[in-house]
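Read off the chains here:
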Amino acid sequence: MFVRNESFGSFIRSYPIVSGIVAIHLILFLWMFLFWSFGGYIIYALGLGINSAIAQGELWRLVTPIFMHVSPGHFLFNSFSLVLFGPALERLLGKGRFISVYLLAGVLANIATYYVGGLGYSPHLGASGAIYGLFGIYLYMTLYRKDLIDRDNSQLILTILVIGLIMTFVNQRINVYAHIFGFIAGFALAPIFLIKIKRYTPQYQHVFDNDEISFNPNRWKKRRFNLNANTKKKIFWAIFALFILIGLLFR
């Protein structure tokens, strides 16, 4: 589910919404930091999430922070997180449902930041709230729609969530409200957006061994280091996912 085998071109064709969002991230980031005097400052000033400005009617600030990032590390880790965790849901939900739930989770995270953080809350931006909304959907699938996610990926999601929710409170620069309420929003929206979604039907390959059963004392030594290519990929992407999460939290 989280293992990426596509080429760059194939990825763009297969996941146009995820690719489009990452492209927006890149364009806005480069424009703000390379062309500060040619519109970059205006984009930053008008797109930043400022609760006091929202209170004065600038409601677009509930949306624009979802696509903006404050530093190269912030941009890279959020974008990599989306590339890692977004494609499976885009394929599962379809383009319309995916972009809708992604934006809703991000907007609801910013609304929570507005009401809970108050007018004096620090300016904020970043896609973390929307990304945690995706985590909320995955948790719902793990708990209530086990037909949509296999056991290995469920365990990976639970591990990432535990680490993510704990570490959210460690880094003082993180918008805690966006993380928590983005996650809650994704979990709450999941049963609505997963209605009539096709069930997951894995293809099992049955292998029958007609040889006489015997005990091989070296069988575990051989198996310990004999990992197939698919298992190696899963291990790599699991480690990569944890790396991205840690970077996301400590950026």
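Whatever comes next refers back to the structure up there.
Quick caveat: nothing in here was measured; it's all calculated off a predicted structure.

Engineer: Explain the packing of helix α5 (residues 72-93) against helix α6 (residues 95-117) to me, please; I cannot follow it from the model alone.
Structural biologist: Each pair of packed helices can be summarised by the angle the axes make with each other and by the distance between the axes. The interhelical angle for the contact between α5 and α6, taken along N-to-C directions, is 130°, at an axis separation of 7 Å. It follows that α5 is oblique to α6 by the angle criterion. Like other packed secondary-structure pairs, α5 and α6 cross with a definite hand, here right-handed. Along the contact surface, α5 presents Leu82, Gly86, Leu89, Glu90 and Leu93, while α6 presents Lys95, Arg97, Phe98, Val101 and Tyr102. Residues of the contact of α5 with α6, tallied by class, amount to six nonpolar, one polar and three charged.

Engineer: Help me out: how do you make sense of unusual backbone geometry in this one?
Structural biologist: What is expected of a backbone is that most residues other than glycine have negative phi and most peptide bonds are trans. One non-glycine residue, Lys196, lies in positive phi territory at about 65°. Within the fold, Lys196 resides in the loop between α9 (176-193) and α10 (219-224). Taking the relative accessible area as the measure of exposure, Lys196 reaches 81% and is therefore exposed.

Engineer: What should I look at first to understand the nonpolar core in this one?
Structural biologist: Across soluble globular proteins, you tend to see nonpolar side chains buried next to one another. In this structure, Phe98, Tyr102 and Tyr138 are the most contacted members of the largest nonpolar core, which totals 47 residues. Where this core is concerned, the elements lending two or more residues are α2 (16-34), α5, α6, α7 (128-144), α8 (151-167) and α9. Here the element with the most residues in this core is α7; it accounts for ten residues. If we ignore the near neighbours within four places in the chain, the residues touching Tyr102 are Ile21, His25, Ile66, Leu82, Ala127, Ala130, Ile131 and Leu134.

Engineer: Before we go on, may I ask you to explain the environment of Phe11 in this structure?
Structural biologist: Secondary-structure assignment places Phe11 in helix α1 (residues 8-14). Judged by its relative accessible area of 11%, Phe11 is buried. Separated by 76 residues in the primary sequence, Phe11 and Pro87 have C-alpha atoms spaced 8.8 Å apart. Those residues in contact with Phe11 that lie beyond four places of it in its chain are Arg4, Glu6, Val18, Ser19, Val83 and Pro87.

Engineer: Please clarify how the packing of aromatic side chains should be interpreted in this entry.
Structural biologist: Aromatic rings in a pair are described by how distant their centres are and how their planes are angled relative to each other. Counted according to the given criterion, the structure contains 13 aromatic pairs. Look at Phe29 and Phe33: their rings are 4.8 Å apart centre to centre, the planes differ by 35°, and that puts the pair in the tilted class. Here Phe29 and its partner Phe33 are both found in helix α2, four residues apart, which amounts to about one turn of the helix. Using a relative accessible area of 9% as the deciding quantity, one classes Phe29 as buried. Cluster of aromatic residues (ring-pair linked, three or more members): Phe29, Phe33 and Phe75.

Engineer: How do you make sense of the pattern of salt bridges when you look at a structure like this?
Structural biologist: For side chains of opposite charge, pairing can occur when their charged atoms come near one another. This structure, assessed with the given rule, holds two salt bridges. The closest approach of N and O atoms between Arg61 and Glu58, which form a salt bridge, is 2.5 Å. What makes Glu58 partly exposed here is its relative accessible area of 22%. Residues Arg145 and Asp147 are paired through a salt bridge, measuring 3.1 Å at the closest nitrogen-oxygen approach.

Engineer: How should the side chain of Ser19 be read in this particular structure?
Structural biologist: Here Ser19 lies in helix α2. Beyond its immediate sequence surroundings of up to four residues, Ser19 is in contact with Phe11 and Ile12.

Engineer: What am I meant to see in the environment of Ala127 here?
Structural biologist: Mapped onto the fold, Ala127 is located in the loop between α6 and α7. C-alpha of Ala127 to C-alpha of Leu103: the two residues are 24 residues apart in sequence and 9.7 Å apart in space. Those residues in contact with Ala127 that lie beyond four places of it in its chain are His25, Pro65, Ile66, Met68, His69, Asn78 and Tyr102.

Engineer: Explanation requested: the packing of α7 against α8 in the structure shown.
Structural biologist: At a closest axis distance of 10 Å, the pairing of α7 and α8 adopts a crossing angle of 135°. When the interaxial angle is binned, α7 and α8 end up oblique. For the crossing formed where α7 meets α8, the hand is left-handed. Residues Tyr132, Phe135, Tyr138, Leu139 and Thr142 of α7 touch α8, and the partners they reach there are Ser154, Ile157, Leu158, Ile160, Leu161, Gly164 and Leu165. Here the contact of α7 with α8 is composed, by residue class, of nine nonpolar, three polar and no charged.

What counts, and at which threshold
Residues numbered from 1 in each chain as written. Predicted model: local features only at pLDDT ≥ 70, side-chain atom pairs only at ≥ 80, totals over all residues. Heavy atoms only, no water. Axes fitted to C-alpha atoms, helices over the stretch in contact; angles between N-to-C directions. Helix = DSSP H or I, 4+ residues; strand = E, 2+ residues; numbered from the N terminus. Parallel < 35°, antiparallel > 145°, perpendicular 65-115°, else oblique. Left-handed = near helix turned anticlockwise from the far one by under 90°. Contact = heavy atoms within 4.5 Å. Nonpolar A, V, L, I, M, F, W, Y, C, P; charged D, E, K, R; others polar. Buried < 20%, exposed > 50% of the residue type's maximum accessible area, 1.4 Å probe, protein only. Core = buried A, V, L, I, M, F, W, Y, C linked by side-chain atoms within 4.5 Å. Phe/Tyr/Trp six-rings, centres within 6.5 Å; stacked < 30°, edge-to-face > 60°. Salt bridge = Lys/Arg side-chain N within 4 Å of Asp/Glu carboxyl O.

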